[in-house]
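If you want the building blocks of each chain, they are given just below.
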Amino acid sequence: MTEIRISTLKGGTIALSNDILTALRSELHGNLCLPGEAGYDDARTIWNAMIDRRPGAVVRCRGASDVISAVRLARDNGLLVAVRGGGHNIAGNAVCEGGLLIDLSPMRSVHVDSKERTARVEPGVTLGEFDKETQSFGLATPLGINSTTGVAGLTLGGGFGWLSRRFGLTADNLSSADVVTADGELRHASTAENPDLFWAIRGGGGNFGVVTSFEFKLHPVGPELVSGLIVHPFARARELLAGYRQIASVAPDELTIWVVLRKAPSLPFLSSDVYGKEILVFAVCYSGAVADADAALAPLRALGKPLADVIGPQSYAAWQTAFDPLLTPGAFNYWKSHNFTALSDGLFDALIDYVGTLPTTECEIFIGQLGGAISRVPADATAYPHRDTKFVMNVHTRWRERTEEKASIRWTRELFAATVRYATGGVYVNFMPEDETDRVAGAYGSNYERLVALKAKYDPGNLFRLNQNLRPKS
Ligand SMILES: Cc1cc2nc3c(=O)[nH]c(=O)nc-3n(C[C@H](O)[C@H](O)[C@H](O)COP(=O)(O)OP(=O)(O)OC[C@H]3O[C@@H](n4cnc5c(N)ncnc54)[C@H](O)[C@@H]3O)c2cc1C
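The sections below set out a description of the structure shown in this document. Being a predicted model, the structure only gives us computed values, none of them experimental.

Within the protein, the regular secondary structure consists of 14 helices and 21 strands. Taking 23 Å as the expected radius of gyration for a compact globule of 474 residues, we find that the protein reaches 22 Å, a close match to that expectation. With the C-alpha coordinates of the protein rotated into their principal frame, the extents come out at 70 × 55 × 40 Å. Looking at the protein as a whole, 60% of its 474 residues qualify as buried. Summed over all atoms, the accessible surface of the protein reaches about 17,900 Å², with 52% contributed by carbon and sulfur. Distance between charge centres in the protein, computed from 47 positive and 51 negative side chains, equals 3 Å.

As structure tokens, then:
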């Protein structure tokens, strides 16, 4: 092996000598991968095909000691660092150009303590892997809606899905974590130990260090619960959205309904003459007793005659993978997102207009329903500040050909601008694309100043800067 050049925090490059690289290799349980070596391309390839970066070197970690070695190497040499969990983040901060990639994806264990109802999870674990282990014991914690997403990034930004109105954010269910901070030390973070660090990592993203282990609380869930889709023709969208607003305002915590506006994919339960036409979908999960679901769903079913109603009892683990076929890795993606405390008629009008001009067949606008247990946590209890947000809209633009890129991104930005007046100004940190540096303060909201102060305490040199970055005050 000869020396290699790696990008630094200062913007230049530095040579890492053969001796340094040999010493690092001998320390690692996992691997050091250089460009062209086995594992390098796997590590740098992430969900969003828009991101095509080539790190100078990758440490594929197998445990906390590998993470410590990588962080110390970066600290001692001032290296540019990226941290990869599940590799799903739309902004692509999981990979750096030229720097050191700390790849956690080989760290995949989940250990469930069914008696204590806790799970200890390594940072490369995906939602599907977590659900599989916990559901073997009839347990779960709230996670997101696509099973290939990483638990790590999801949790550090907040994390919400079908169970969150009942049990809170993923981060609200975190009881402790082990974190390698910028000084290369492993710290335990909980309400009892390093409580300020524990506060910061529940919504502050990857700013404070590399989490090597998460401990979650679990809840009895399923194994069967009532879930599925109701698909309507788009022509009645205004009326349906107004009905949804009313139903959502009084829904019990067990009921979560998301709205998806898009062109109909070729789903087997839809008639083929609907494929490619605009539809409005209610995606529904009732996490209470199966016997109580019909009564809870009656108002939604009374909204009119749908094209399909495929709601029924099914395993929670299966429902957690229901959207996977529409969200496969490898496509080009661009997102814009707003938070809302209420849904207004003006917003509905704008959405209806823009659904009329969807740039590709795979684009969708979804409105996720929050509130419930999420909103009962004070905004300053964790770093996640948006406790009053009742709905989050994500404009998810997705295309396959480079020629579709310009029009797709323009459409997304225009829709975002047309709806900004109805939004809170806050944004969910995990839904921000890489060009939204002007929204970072909005992402951390009322907790921004405290987070900046903690950044100065735990990462004064801003080693962990490839994220929705908090700049430490000098
Ligand atoms: C198809 C799709 C569906 C989604 N659905 C939902 C949803 O339902 N609910 C929801 O809340 N979110 C959802 N998200 C957003 C998701 O929460 C974020 O993309 C999240 O960042 C993914 O985490 P990851 O570990 O896969 O990402 P990565 O890209 O690996 O990591 C994202 C960032 O987190 C930091 N990071 C990752 N791991 C660590 C670690 N161990 N220690 C320190 N920092 C770390 C790094 O800064 C990294 O850049 C979805 C995303 C996609 C692409």
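There's more to say after this.
Attention now goes to the pattern of salt bridges. As enumerated under the stated definition, the model contains 28 salt bridges in all. Glu185 is paired through a salt bridge with Arg72; the nearest N and O atoms lie 3.4 Å apart. Of this pair, Glu185 sits in the loop between strand E10 (174-180) and strand E11 (186-189) while Arg72 sits in helix H3 (residues 64-77), and the two are 113 residues apart along the sequence. For Arg72, a relative accessible area of 33% puts it in the partly exposed group. The partner of Lys457 in a salt bridge is Asp196, with the nearest N and O atoms 2.6 Å apart. Remark: Asp196 occurs in helix H7 (residues 195-201) and Lys457 occurs in helix H14 (residues 448-458); sequence separation between them is 261 residues. Asp196 sits in the buried class, given a relative accessible area of 16%. Among the ionic contacts, a cluster of salt bridges with common partners joins Asp41, Arg44 and Asp52.

Quick look at the site of the ligand now. Neighbouring the ligand are 35 residues; Gly85, Gly86, Gly87, Phe160 and Tyr428 lie closest to it. Take Asn89: an N or O atom from its side chain is 2.8 Å from an oxygen atom of the ligand. Note that an oxygen atom of the ligand is positioned 2.6 Å from one of the side-chain N or O atoms of Tyr428. Against a free-state accessible area of 950 Å², the protein chains account for coverage of 97% of the ligand.

Moving on to the packing of helix H8 (residues 237-250) against helix H11 (residues 345-355). One can describe the packing of H8 onto H11 by two numbers: an axis separation of 10 Å at closest approach and a directional angle of 140 degrees. Between H8 and H11, the angle is such that the two are oblique. In the packing of H8 onto H11, the handedness of the crossing is right-handed. On the side of H8, the interface is formed by Ala237, Arg238, Leu241, Ala242 and Arg245, while H11 contributes Asp345, Phe348, Asp349 and Ile352. Classifying every residue of the contact of H8 with H11 by side-chain character gives 5 nonpolar, no polar and 4 charged.

Within this structure, the stated rule accounts for 19 aromatic pairs. Both rings, one in Trp162 and one in Phe323, keep their centres 6.4 Å apart while their planes meet at 25 degrees; by these two values the pair is stacked. Residue Trp162 is found in the loop between helix H5 (151-157) and helix H6 (164-167), and its partner Phe323 is found in the loop between helix H10 (316-319) and strand E19 (332-340); the two are separated by 161 residues along the sequence. Connected via pairs of aromatic rings, a cluster forms that spans Trp47, Phe160, Trp162, Trp258, Trp319, Phe323, Trp335, Phe366, Tyr384, Tyr428 and Phe431. One Lys or Arg, Lys336, reaches over the ring of Phe416 and ends 4.5 Å from the middle of that ring.

Turning to the side chain of His232, a few remarks are in order. Positionally, His232 belongs in strand E14 (residues 224-233). Exposure remark for His232: the relative accessible area of 0% places this residue in the buried category.

We now examine the state of the cysteines. Enumeration according to the criterion identifies 0 disulfides in this entry. Its sulfur unpaired, Cys33 is 11 Å from the next cysteine sulfur, which belongs to Cys61.

All right, on to the sheet that holds strand E7 (residues 110-113) then. If you walk across this open sheet you meet the 5 strands as E7-E8-E12-E10-E11, and the pairing is antiparallel. The open sheet has two edge strands with one neighbour each: E7 and E11. Neighbour-to-neighbour, the strand axes of the sheet open up by a mean angle of 15 degrees, direction not taken into account. Note: strand E8 (residues 118-121) against strand E12 (residues 210-217), 4 bridges, orientation antiparallel. Considered in E12, the bridge of Val121 is made with Phe214.

What counts, and where the lines are drawn
Residues numbered from 1 in each chain as written. Predicted model: local features only at pLDDT ≥ 70, side-chain atom pairs only at ≥ 80, totals over all residues. Heavy atoms only, no water. Helix = DSSP H or I, 4+ residues; strand = E, 2+ residues; numbered from the N terminus. Rg over C-alpha atoms; globule rule 2.2 N^0.38 Å. Buried < 20%, exposed > 50% of the residue type's maximum accessible area, 1.4 Å probe, protein only. Areas by Shrake-Rupley, 256 points an atom, 1.4 Å probe, with all protein chains shown as cover. Lys, Arg positive; Asp, Glu negative; His and termini not counted. Charge placed at Lys NZ, Arg CZ, Asp CG, Glu CD. Salt bridge = Lys/Arg side-chain N within 4 Å of Asp/Glu carboxyl O. Near = heavy atom within 4 Å. Polar contact = N/O pair within 3.5 Å; in protein donor to acceptor, adjacent residues only side chain to side chain. Axes fitted to C-alpha atoms, helices over the stretch in contact; angles between N-to-C directions. Parallel < 35°, antiparallel > 145°, perpendicular 65-115°, else oblique. Left-handed = near helix turned anticlockwise from the far one by under 90°. Contact = heavy atoms within 4.5 Å. Nonpolar A, V, L, I, M, F, W, Y, C, P; charged D, E, K, R; others polar. Phe/Tyr/Trp six-rings, centres within 6.5 Å; stacked < 30°, edge-to-face > 60°. Lys NZ or Arg CZ within 6 Å of the ring centre and 35° of its normal. Disulfide = S-S within 2.5 Å. Pairing = 2+ DSSP bridges.

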